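Structural overview
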Amino acid sequence: MTKREMTFGWGWLAVQMLVLPSLISSIAAPWGSTAVNFCYHLVSLLAVTVIFRRYLKQELRNFTVGFKKVLPVIAVSLAVYYVAGEVLLCLITAIEPGFRNVNDDSVAVLRQGNLALTAVMTVALAPVSEECLFRGLIFGCARKQSRWAAYAISAAAFGALHVMGYVGSFGAVQLLLCFAQYLPAGLVLAAAMEKTNSIVTAMCIHAIINAVSMIGIM
């Protein structure tokens, strides 16, 4: 990733987190919550593909060149993710019986509004934009200082993204447990990217996880 891509990437990340949600809501609110979320992810996708276009071309090249080792990495990554997720869920439900992930519940509501838009948003749009920002930008920048810090920071930022919109609407304990549920994905996705030297691998795994989750909440 070039210095220019990093600079614009950090700028866009700030805009996406602080400005874009309210801006999209003010424009697309009459069309419903599903449309608002779809537009949010679509704008994010368009922005990251423009900002990181050179980086993405190189990562796609790395993905195709090393494709023979990609499939085993995807398979192992998914296995680790689901095993870790089940263990973590057992611990969470022991702490908070009847626990529900608020983001999953939100996606279920969006799905009822428009299944097609929700599927495209969660399976096609979000994996690309989120991987560019959290694994490509945050992990990539932090990795230059410390590999372990890169894993911790990028996973924590990824978890925070999925719960920050619910602060004030749900209790701190529930949001903290929801946050914890996203840590295995953040760690596994970063490891897969690092193992294959391509963020496209992480995008594929992310898309599969989201697709399975979509089926699970139907």
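Procedures and definitions
Residues numbered from 1 in each chain as written. Predicted model: local features only at pLDDT ≥ 70, side-chain atom pairs only at ≥ 80, totals over all residues. Heavy atoms only, no water. Core = buried A, V, L, I, M, F, W, Y, C linked by side-chain atoms within 4.5 Å. Buried < 20%, exposed > 50% of the residue type's maximum accessible area, 1.4 Å probe, protein only. Helix = DSSP H or I, 4+ residues; strand = E, 2+ residues; numbered from the N terminus. Contact = heavy atoms within 4.5 Å. Patch = residues over 30% accessible without salt bridge, like charges linked within 9 Å, V, L, I, M, F, W, Y side chains within 5 Å. Areas by Shrake-Rupley, 256 points an atom, 1.4 Å probe, with all protein chains shown as cover. Salt bridge = Lys/Arg side-chain N within 4 Å of Asp/Glu carboxyl O. Bend = angle between axes of the 7 residues up to and from the residue. Polar contact = N/O pair within 3.5 Å; in protein donor to acceptor, adjacent residues only side chain to side chain. Axes fitted to C-alpha atoms, helices over the stretch in contact; angles between N-to-C directions. Parallel < 35°, antiparallel > 145°, perpendicular 65-115°, else oblique. Left-handed = near helix turned anticlockwise from the far one by under 90°.

1. Brief notes about the nonpolar core
- The biggest cluster of nonpolar side chains holds 45 residues, and the ones touching the most others in it are Trp12, Phe52, Leu56, Leu133, Leu137 and Ile205.
- Sorting elements by how many residues they give to this core places helix α7 (residues 115-143) first, with eight residues.
- With near-sequence residues (within four places) excluded, Trp12 lies in contact with Leu20, Val43, Ser44, Ala47, Val48, Ile51 and Leu133.
- Formed by eight residues, the second largest nonpolar core is a distinct cluster that contains Val102, Val163, Tyr166 and Leu177.

2. A closer look at unusual backbone geometry
- Positive phi is not limited to glycine here, since Asn197 has a value of about 60°.
- Structurally, Asn197 can be placed in the loop between α10 (183-196) and α11 (199-216).

3. A short note on a nonpolar patch on the surface
- A cluster of nonpolar side chains, namely Val15, Leu18, Val19, Leu23 and Ile27, defines an oily patch on the protein surface of about 460 Å² accessible area.
- Only α1 (3-18) and α2 (20-28) provide two or more residues apiece to the nonpolar patch.
- Along the chain, Leu18 falls in helix α1.
- When its relative accessible area of 69% is taken as the criterion, Leu18 is described as exposed.

4. Quick look at α7
- Along α7, the largest kink reaches about 45° and is centred on Ala126; proline Pro127 follows within four residues of it.
- Capping the start of α7, Asn114 holds a side-chain oxygen 3.2 Å from the backbone nitrogen of Ala116, two or three residues further along.

5. Side note on the packing of α2 against helix α3 (residues 33-51)
- One can describe the packing of α2 onto α3 by two numbers: an axis separation of 9 Å at closest approach and a directional angle of 130°. As summarised for this structure, α2 and α3 are arranged oblique, according to the angle between their axes. By crossing handedness, the relation of α2 to α3 is classed as right-handed. Along its contact with α2, which presents Leu20, Pro21, Ile24, Ser25 and Ala28, the element α3 presents Val36, Cys39, Tyr40 and Val43.

6. Overview of the environment of Leu125
- Structurally, Leu125 can be placed in helix α7.
- For the pair formed by Leu125 and Leu46, sequence separation is 79 residues and the distance between their alpha carbons is 9.3 Å.

7. Focus: the pattern of salt bridges
- Summed over the entire model, instances satisfying the criterion amount to four salt bridges.
- A salt bridge links Arg100 to Asp105; the shortest N-O distance between them is 2.8 Å.
- Judged by its relative accessible area of 51%, Arg100 falls in the exposed class.
- Residue classification places Asp105 among the partly exposed positions, given a relative accessible area of 27%.
- A salt bridge links Arg143 to Glu194, with the shortest nitrogen-to-oxygen separation between them at 2.9 Å. Of the two residues, Arg143 is situated in helix α7 and Glu194 in helix α10; the sequence distance between them amounts to 51 residues.
- For Glu194, a relative accessible area of 26% puts it in the partly exposed group.
- Taken together, the shared-partner salt bridges in this structure form one network comprising Arg143, Arg147 and Glu194.

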